[in-house]
Amino acid sequence: MRIMGLDYGSKTVGVAISDELLLTAQGIEIIERKEENKLRRTLARIEELIVEYGVEEIVLGLPKHMNNTLGERAELSLEFKDKLERRTGLPVVMWDERLTTVAADKAMMEAGIRREHRKEHVDKIAACFILQGYLDLRKNKENMGGENIF
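So, a few notes on the structure that sits alongside this text. Please read all numbers here as calculations on a predicted model, not as lab measurements.

Quick notes on the packing of helix H1 (residues 40-53) against helix H2 (residues 72-88)
Phase 1: In contact at an axis separation of 11 Å, H1 and H2 are set at 55° when each is read in the N-to-C sense. With respect to H2, the axis of H1 lies oblique. Regarding H1 and H2, the two cross each other, and that crossing is right-handed. The segment H1 lies against H2, with Arg 40, Thr 42, Leu 43, Ala 44, Ile 46, Glu 47 and Ile 50 engaging Phe 80, Lys 83, Leu 84, Arg 87 and Thr 88.
Phase 2: Considering only residue class, the contact of H1 with H2 consists of 6 nonpolar, 2 polar and 4 charged.

Structure below.
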């Protein structure tokens, strides 16, 4: 079993996939979107990746405001969640993604990636942060002997 992490944006969707042991997240690609309202090709590519990697669950970033409220981007992400569930038949878990893009940018800066090249990778790395946070919480909950919280 693998889990897919998605960082859904207006122009791109960053994609990460877990390893089979559900320990680590690896960024695999950034899906470019031609138009924000056109999702058919984006959903088709996500479905291809689901089959290729044997994905059984999806974690989708929820871009909340810093005061914990939901804005327009969050509402669009929730609509995308519904479309993903209908199209793939897989459960989609929403994950608070506040500051993941900032963390991704900082990680690239620390790795010495030049500013002009960071944009090429930021959404894929943000998807990794989203998925890794979810995997870590799952593992911590499991280690504490608690029931599944999802």
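Picking up after the structure, the text goes on.
As for the nonpolar core
Among soluble globular proteins, nonpolar side chains are generally buried collectively.
Phase 1: If you look at the biggest cluster of nonpolar residues, it comprises 19 residues, and the most contacted ones within it are Met 4, Leu 6, Ile 46, Ile 58, Phe 80 and Leu 84.
Phase 2: When contributions to this core are tallied by element, the ones reaching two or more residues are strand S1 (2-8), strand S2 (12-18), H1, strand S4 (55-62) and H2.
Phase 3: At 4 residues, the largest contribution of residues to this core is made by H1.
Phase 4: For Phe 80, the residues in contact, after removing those within four places along its chain, are Leu 6, Tyr 8, Leu 39, Thr 42, Leu 43, Ile 46 and Leu 60.
Phase 5: Residues Leu 22, Ile 130, Tyr 134 and Leu 135 belong to the second largest nonpolar core, which totals 13 residues.

Thoughts on the sheet that holds strand S3 (residues 25-32)
Phase 1: As summarised here, the arrangement of the 5 strands in space is S3-S2-S1-S4-S5, forming an open sheet in which the pairing is mixed. With partners counted over all chains shown, the strands left at the sheet margins are S3 and strand S5 (92-96), one partner each. The average undirected angle you get between the axes of adjacent strands in this sheet is 25°.
Phase 2: The sheet contact formed by S2 and S3 spans 7 bridges and is antiparallel. Counted as the bridge partner of Ala 16 is Gly 27 from S3.
Phase 3: Against the sheet, H1 contacts S1, S2, S3 and S4, and its axis sits at roughly 150° relative to S3.

A short note on the pairing of S1
Phase 1: For S1, the tally of buried residues reaches 7 of 7 residues, placing the bulk of the element in the interior.
Phase 2: The alternating pattern of S1 places Arg 2, Met 4, Leu 6 and Tyr 8 and Ile 3, Gly 5 and Asp 7 on opposite faces, both of which are buried.
Phase 3: In terms of strand pairing, S1 meets S2 through 5 bridges, oriented antiparallel. Bridge pairing in S2 links Asp 7 to Gly 14.
Phase 4: What sits between S1 and S2 in their antiparallel hairpin is a turn of 3 residues.

Parameters at a glance
Residues numbered from 1 in each chain as written. Predicted model: local features only at pLDDT ≥ 70, side-chain atom pairs only at ≥ 80, totals over all residues. Heavy atoms only, no water. Axes fitted to C-alpha atoms, helices over the stretch in contact; angles between N-to-C directions. Helix = DSSP H or I, 4+ residues; strand = E, 2+ residues; numbered from the N terminus. Parallel < 35°, antiparallel > 145°, perpendicular 65-115°, else oblique. Left-handed = near helix turned anticlockwise from the far one by under 90°. Contact = heavy atoms within 4.5 Å. Nonpolar A, V, L, I, M, F, W, Y, C, P; charged D, E, K, R; others polar. Core = buried A, V, L, I, M, F, W, Y, C linked by side-chain atoms within 4.5 Å. Buried < 20%, exposed > 50% of the residue type's maximum accessible area, 1.4 Å probe, protein only. Pairing = 2+ DSSP bridges.

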